[in-house]
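One letter stands for each residue in the lines below.
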Amino acid sequence: MVAAAGGVVSARSARRTKRQEKRDDFTAVTDRMEKEIGRQGSRISELESDSVVKQEQITGQGAAISWLVVDRRRLVSYIRKSGLEPPLPRPIPERARPYLDSIDV
């Protein structure tokens, strides 16, 4: 009788319970979630660094355009002071017009 009870107890302890299986499933899911969150974090970091590079490029392009506008105005002014007439400005293409809404042309 004692041997049978011992066998039942040992068989019960060797068997995995539903709670253990749920805990293992939860652990597996959380591990996958942590890996995915880490992957997303690294992707966000890459996108932020790309954004910084692109912002620097846009800033440089804006500075170049500003310099060109000022240089053109100085050149037109110099030509007019010399008593000559500068060439007429070229018309702005239609595809560029949406970008000019925010600046004074």
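Residues numbered from 1 in each chain as written. Predicted model: local features only at pLDDT ≥ 70, side-chain atom pairs only at ≥ 80, totals over all residues. Heavy atoms only, no water.

With respect to the overall build of the protein
When helices and strands are tallied, the protein shows two helices and zero strands. By the burial criterion, 2% of the 105 residues in the protein qualify as buried. Only carbon and sulfur atoms are counted for the fraction: they give 60% of the accessible area of the protein, which is about 10100 Å². (Helix = DSSP H or I, 4+ residues; strand = E, 2+ residues; numbered from the N terminus. Buried < 20%, exposed > 50% of the residue type's maximum accessible area, 1.4 Å probe, protein only. Areas by Shrake-Rupley, 256 points an atom, 1.4 Å probe, with all protein chains shown as cover.)

Comments concerning a nonpolar patch on the surface
A grouping of V29, M33 and I37 is seen on the molecular surface, where their side chains present a nonpolar patch of about 290 Å² in accessible area. Within the secondary structure layout, I37 lies in helix α2 (residues 18-81). By relative accessible area, I37 is classed as exposed at 58%. (Patch = residues over 30% accessible without salt bridge, like charges linked within 9 Å, V, L, I, M, F, W, Y side chains within 5 Å. Salt bridge = Lys/Arg side-chain N within 4 Å of Asp/Glu carboxyl O.)

Quick word on a positive patch on the surface
A surface patch of like charges, here positive, comprises R72, R73, R80 and R90. R90 sits in the exposed class, given a relative accessible area of 77%. (Lys, Arg positive; Asp, Glu negative; His and termini not counted. Charge placed at Lys NZ, Arg CZ, Asp CG, Glu CD.)

What about the pattern of salt bridges?
Between side chains of opposite charge, a pair can form as their charged atoms come close. Summed over all chains, the structure comprises two salt bridges. R43 is the salt-bridge partner of E46, the closest N and O atoms lying 3.4 Å from each other. Of this pair, E46 and R43 are both found in helix α2, three residues apart, which corresponds to roughly one turn of the helix. Exposure remark for E46: the relative accessible area of 43% places this residue in the partly exposed category.

Comments concerning the layout of surface pockets
Taken as a whole, the second largest pocket spans an internal volume of roughly 150 Å³. Forming the boundary of the second largest pocket are L68, D71, R72, L75, V76, I79, P86, P87, L88, P89 and R90. Residues that form the lining of the second largest pocket fall into these classes: eight nonpolar, no polar and three charged. (1 Å grid on protein atoms, 1.4 Å probe; cavity = no way out; pocket = protein on both sides within 12 Å on 5 of 7 lines; lining within 4 Å. Points joined across faces, edges and corners; volume = space filled by probe spheres on them. Nonpolar A, V, L, I, M, F, W, Y, C, P; charged D, E, K, R; others polar.)

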